[in-house]
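Here is how the chains run, residue by residue.
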Amino acid sequence: MKTVRNAAVFLLMGALLSSVVQTVFLEKSSYPKYRAWKNAEDVDVLVLGNSHAENGIRAGTLSGSLSEGAGRDLTVFNYAVYGMRMEQMYYFVKEIFKTHVPDLIILETYAFCPLAESDREILARRAFDVFPLSRNKVEAIDYCVSDDPVSFYLPFVKYHTRWEWLTPGDVRILYDNSLWPVYGGNGSYDETEMTDPEDGWFRQEIPDPEELREITPSEKECLEKLLLLLEEEHVRLLFVSVPFKSQMGLDSIEQVKINNYLREHYANGDTVDMLDMNRLWTELDFGYGDLYNEGHVNAGGADKVTGCLLEYLRGRYFWGE
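Residues numbered from 1 in each chain as written. Predicted model: local features only at pLDDT ≥ 70, side-chain atom pairs only at ≥ 80, totals over all residues. Heavy atoms only, no water.

A. Spotlight on the overall build of the chain. Secondary structure assignment for the chain yields 14 helices and nine strands. Per-residue burial over the chain gives 52% buried out of 321 residues. For the chain, contacts bridging at least 24 residues in sequence account for 84% of all contacts bridging at least 6. By element, 53% of the accessible surface of the chain is carried by carbon and sulfur atoms, the whole surface being about 15300 Å². (Helix = DSSP H or I, 4+ residues; strand = E, 2+ residues; numbered from the N terminus. Buried < 20%, exposed > 50% of the residue type's maximum accessible area, 1.4 Å probe, protein only. Contact = heavy atoms within 4.5 Å. Areas by Shrake-Rupley, 256 points an atom, 1.4 Å probe, with all protein chains shown as cover.)

Shown next, in the form of structure tokens:
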């Protein structure tokens, strides 16, 4: 019995040490938000998407303004992950719901930008590497990953050579909660403004609501699974589209057509709704001066986006409850 006990202790210590080492070696771009999410007390509104949402939506500003107006604490958490696509979103949400289930999810629609095969691995790693091994993670890897799945179960296989680039920050971030952003992403602080090429992009006519661009079969499958999950958990969904010009082969005119498709097939005005700010360039006085590159808003653009979203949330969700 003593031998068995010692062996069990040895194996347990080995497993714990392996877990710590793997966490230290992980690429840390998604880790601070993961720890902030785990550390949060309650979350009322969850922002999902990729860099468009991360740069454009100031969760701290929304939290403060909504709390003040509603007369109670309302927390908005921006858990946008750089590059996240719709194919990963269902499994991602299912995992983070183990910690908190919000009342409302805001899903930024650039997540429906087609996923290039060459980007599949790195985007899946940003989405799933920080999560502990679970049945959901196994299913996510099986669905989203085509090559080298073993290294997703055992990240050390992928990151063992990263020791050359490790810094004290790779260890400090594991325990120092001052490095975990309280509201997740909080909008861009880049003041750089694009030079207007005078091409009239933000003055052109917006596609009619009847002009639709269908989402891909995998996007449709994952969205519908996500909607079923949200229905089970009694969580409302708001599609939001942050203004931009073009990125990775998808421009904002085509994005509007995707948004039209989402509105036509999934929005119901009750549990699922749409706020397409790429239809509101004139109302927002939005132009090149609000971008720091063609795909992302700058600090001024983030202020406009957050202000517009705040007014929408005030009027539709959180005033007079």
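B. Layout of the packing of aromatic side chains. Within this structure, the stated rule accounts for 16 aromatic pairs. With centroids separated by 5.0 Å and ring planes inclined at 80 degrees, the aromatic side chains of Phe202 and Trp281 adopt a geometry described as edge-to-face. Here Phe202 is found in the loop between helix H10 (168-175) and helix H11 (217-233), whereas its partner Trp281 is found in helix H13 (residues 281-284), with 79 residues between them in sequence. The burial state of Phe202 is the same as that of Trp281; both residues are buried. Ring pairing ties together the aromatic residues Tyr31, Tyr34, Trp37, Phe77, Tyr79, Phe92 and Phe131, which thus form one cluster. Sitting above the plane of the Tyr143 ring, Lys225 keeps its charged end 5.5 Å from the centroid. (Phe/Tyr/Trp six-rings, centres within 6.5 Å; stacked < 30°, edge-to-face > 60°. Lys NZ or Arg CZ within 6 Å of the ring centre and 35° of its normal.)

C. Spotlight on unusual backbone geometry. For Met248, which is not glycine, the phi dihedral falls at a positive 50 degrees. Position of Met248 relative to the elements: it lies in the loop between strand E5 (246-247) and strand E6 (250-251). Its identity as a non-glycine residue notwithstanding, Asp285 has a phi of 50 degrees, on the positive side. Residue position: Asp285 is located in the loop between H13 and strand E8 (291-293). You can call Asp285 exposed: its relative accessible area is 62%.

D. A look at the sheet that holds strand E1 (residues 45-48). Pairing in this open sheet of five strands is parallel, and the strands run E2-E1-E3-E4-E7 from one edge to the other. If you trace the sheet from one side to the other, it starts and ends with strand E2 (76-78) and strand E7 (272-276), each paired once. Averaged over all neighbouring strand pairs, the angle between strand axes comes to 20 degrees, with direction disregarded. Here E1 runs beside strand E3 (residues 104-108); their pairing, made up of four bridges, is parallel. If you follow Val45 over to E3, its bridge partner there is Leu104. (Pairing = 2+ DSSP bridges. Axes fitted to C-alpha atoms, helices over the stretch in contact; angles between N-to-C directions.)

E. Broad picture of the packing of helix H5 (residues 86-96) against H11. Relative to each other, H5 and H11 sit at 25 degrees, their axes nearing to 7 Å. On the basis of the axis angle, H5 is roughly parallel to H11. In this structure, the crossing between H5 and H11 has a hand that is left-handed. Together, Met86, Glu87, Met89, Tyr90, Tyr91, Val93 and Lys94 of H5 and Ser218, Glu219, Cys222, Leu223, Lys225, Leu226 and Leu229 of H11 make up the contact between the two elements. Residue composition of the contact of H5 with H11, grouped by class: nine nonpolar, one polar and four charged. (Parallel < 35°, antiparallel > 145°, perpendicular 65-115°, else oblique. Left-handed = near helix turned anticlockwise from the far one by under 90°. Nonpolar A, V, L, I, M, F, W, Y, C, P; charged D, E, K, R; others polar.)

F. Representation of the pattern of salt bridges within the structure. Throughout the structure, instances matching the rule amount to 16 salt bridges. For the salt bridge of Glu95 with Lys98, the shortest nitrogen-to-oxygen distance reads 3.1 Å. Judged by relative accessible area, which is 53%, Lys98 ranks as exposed. Taking the shortest distance from any N to any O, the salt bridge between Arg120 and Glu117 comes out at 3.2 Å. Members of the salt-bridge network, linked through shared partners, are Glu121, Arg125 and Asp129. (Salt bridge = Lys/Arg side-chain N within 4 Å of Asp/Glu carboxyl O.)

G. Summary view of the pairing of E1. Here E1 shows a buried face lined by Val45 and Val47 and a second buried face lined by Leu46 and Leu48. The sheet contact formed by E1 and E2 spans three bridges and is parallel. Across the sheet, residue Val47 finds its bridge partner in E2, namely Asn78.

H. Spatial organisation of the pairing of E3. Across the five residues of E3, five count as buried, placing the element largely inside the fold. The alternating pattern of E3 places Leu104, Ile106 and Glu108 and Ile105 and Leu107 on opposite faces, both of which are buried. Alignment of E3 against strand E4 (residues 236-241), held across five bridges, turns out to be parallel. Directly across from Leu104, in E4, lies its bridge partner Arg236.

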